[in-house]
Amino acid sequence: MPLVRARRVQLVVKLLLVAAKLAVILLAAEGALQVYTWWTTGGRLMTLNDQMGWRMRANAKQLVRGELGPYIVRTNDRGLRDSNHPYQRVEGLQRIVVIGSSSLLGVGVRMEEICTEVLERRLDQTEVINLGMLGYGPDQAYNYLKTEGLRYRPDRVIQLFDQYDAIEAFFSVHPAAFRTKCHVRILPEAAGIELVPPEFHWWELAAQRSYVAGWLERVLAITGGIVQQALAIAELSELMPPEGERERALRLLLEMTDELCATAGARYTAVYVPGADVEKPNQLRNIINELGRAGDLDTLDVSELLGEANSGKVNEPKPFFDDDHLTPQGHYLVGKALQEFLDAQDE
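None of the values given here were measured: they were computed from a predicted structure.

Procedures and definitions
Residues numbered from 1 in each chain as written. Predicted model: local features only at pLDDT ≥ 70, side-chain atom pairs only at ≥ 80, totals over all residues. Heavy atoms only, no water. Helix = DSSP H or I, 4+ residues; strand = E, 2+ residues; numbered from the N terminus. Buried < 20%, exposed > 50% of the residue type's maximum accessible area, 1.4 Å probe, protein only. Contact = heavy atoms within 4.5 Å. Areas by Shrake-Rupley, 256 points an atom, 1.4 Å probe, with all protein chains shown as cover. Pairing = 2+ DSSP bridges. Axes fitted to C-alpha atoms, helices over the stretch in contact; angles between N-to-C directions. Phe/Tyr/Trp six-rings, centres within 6.5 Å; stacked < 30°, edge-to-face > 60°. Patch = residues over 30% accessible without salt bridge, like charges linked within 9 Å, V, L, I, M, F, W, Y side chains within 5 Å. Salt bridge = Lys/Arg side-chain N within 4 Å of Asp/Glu carboxyl O. Lys, Arg positive; Asp, Glu negative; His and termini not counted. Charge placed at Lys NZ, Arg CZ, Asp CG, Glu CD.

### Section: the overall build of the protein chain
(1) Moving on: The helix and strand inventory of the protein chain stands at 12 helices and 11 strands.
(2) Moving on: Per-residue burial for the protein chain yields a buried fraction of 47% across its 347 residues.
(3) Moving on: Excluding contacts between residues fewer than 6 apart, the proportion of contacts in the protein chain whose partners are at least 24 apart in sequence is 68%.
(4) Moving on: When the accessible surface of the protein chain is split by element, carbon and sulfur atoms take 56% of a total near 18,500 Å².

### Comments concerning the sheet that holds strand β7 (residues 156-161)
(1) Moving on: Strand order in this open sheet of 5 strands is β6-β5-β7-β10-β11, and the pairing throughout is parallel. Of all strands in the sheet, those bounded by a partner on one side alone are β6 (126-130) and β11 (298-301). Put simply, the sheet's adjacent strands are angled 20° from each other on average, direction ignored.
(2) Moving on: Pairing of strand β5 (residues 94-99) with β6 involves 5 bridges; the strand directions are parallel. Residue pairing in the sheet places V97 in a bridge with I129 of β6.
(3) Moving on: On the sheet, helix α9 (residues 243-263) packs against β7 and β10 (267-272) and is oriented at approximately 145° with respect to β10.

### Re the packing of aromatic side chains
How two aromatic rings sit relative to each other is given by the distance of their centres and the angle of their planes.
(1) Moving on: Under the criterion given, the structure shown has 3 aromatic pairs.
(2) Moving on: Ring geometry for Y136 and Y144: centres 5.7 Å apart, planes at 90°, overall edge-to-face. For the pair shown, Y136 and Y144 are each scored as buried.
(3) Moving on: The structure contains a cluster of three or more aromatic residues connected by ring pairs, namely W54, Y136 and Y144.

### Section: unusual backbone geometry
(1) Moving on: Despite not being glycine, N59 shows a phi value in the positive range, around 55°.
(2) Moving on: Looking at the element boundaries, N59 is found in the loop between β2 (53-56) and β3 (61-66).

### Concerning the pairing of β7
(1) Moving on: The element β7 is extensively covered by neighbouring structure, given that 6 of its 6 residues are classed as buried.
(2) Moving on: Taking every second residue as pointing to the same face, both faces of β7 are buried, with R156, I158 and L160 on one and V157, Q159 and F161 on the other.
(3) Moving on: As paired strands, β5 and β7 are joined by 4 bridges and run parallel to one another. Looking at β7, one finds that I99 is bridged to Q159.
(4) Moving on: Relative to β10, β7 runs parallel, the two sharing 6 bridges. Along β10, the bridge assignment pairs R156 with R267.

### Examining a negative patch on the surface
(1) Moving on: On the surface, D277, E279, E304, E308 and E316 cluster together into a negatively charged patch.
(2) Moving on: Along the chain, the position of D277 falls in the loop between β10 and α10 (283-293).
(3) Moving on: Overall, the relative accessible area of 48% leaves D277 in the partly exposed class.

### Observations concerning the pairing of strand β1 (residues 46-49)
(1) Moving on: Inspection of the sheet shows β1 paired to β2 by 4 bridges, in the antiparallel sense. Bridging across to β2, L48 finds its partner in W54.

Next comes the structure, spelled out in structure tokens:
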């Protein structure tokens, strides 16, 4: 018996030593990853959000390497890539909020080159607030307006849509970023739609507190997402609602967003901004243009404008990067088009 007890003690001691070594390794890795992240990029930019799935951290800074060279993304005290804006209105100024995804955020360009900055410089007595958020679809934009954007009490809300928004709204995990998000659920028997909040896994929650866990979560998410995409190629029709149901749901979502803004006293405008393949058919672009022609919604489609600039027929820089995000020239053209559209409506 004493021999058995001694062996048990030795086993426990060995297990404790292994656990201690593992803890030291993890602590060292955690410290190294924190130092590496802060040294190379300036820190984390994103954080989880129980309404949209994620949003940018307040007062964050990150170094990003783009096609035109490295640039800094800085956020203000409310997690926006913009200067600070109080919720309280400035007397005598019109206020516009613009919401959209990564192109509006200004991926690849400096903050002063973003279309919202162009728009503000071209308008008199107007404050323009950029609510652009990396990867946001129209479902997330609706929730973001409801919980944050309309707190600024804007006169106008402009929403920029891109070629991916017609599909991304129906995914509970972002198909490119592999992050959990809210999504649109189509209710049976034409009962409408509902926005389903994100349901985070435990490892996503752990990743918020640890750089090691965050690195592992990204590896697992990207690996799992790639596998899911490979399996989905032959089954895409089973994973997505039928085209007719998607169209009805997207129309409802646009109407809901318009009504949400109207309730807050803001005029809503839907703007379609294409990718480099301007002529590629897009369901959401068709819906936006149909609603505009019918007079049901204020709409603007800058496809023709950007298509001409991208054709090479004009002696100007291209409006798109290779990854479809807007270049400084693309932002300038969109900002100018928005200014001309707003001026024409005010006449």
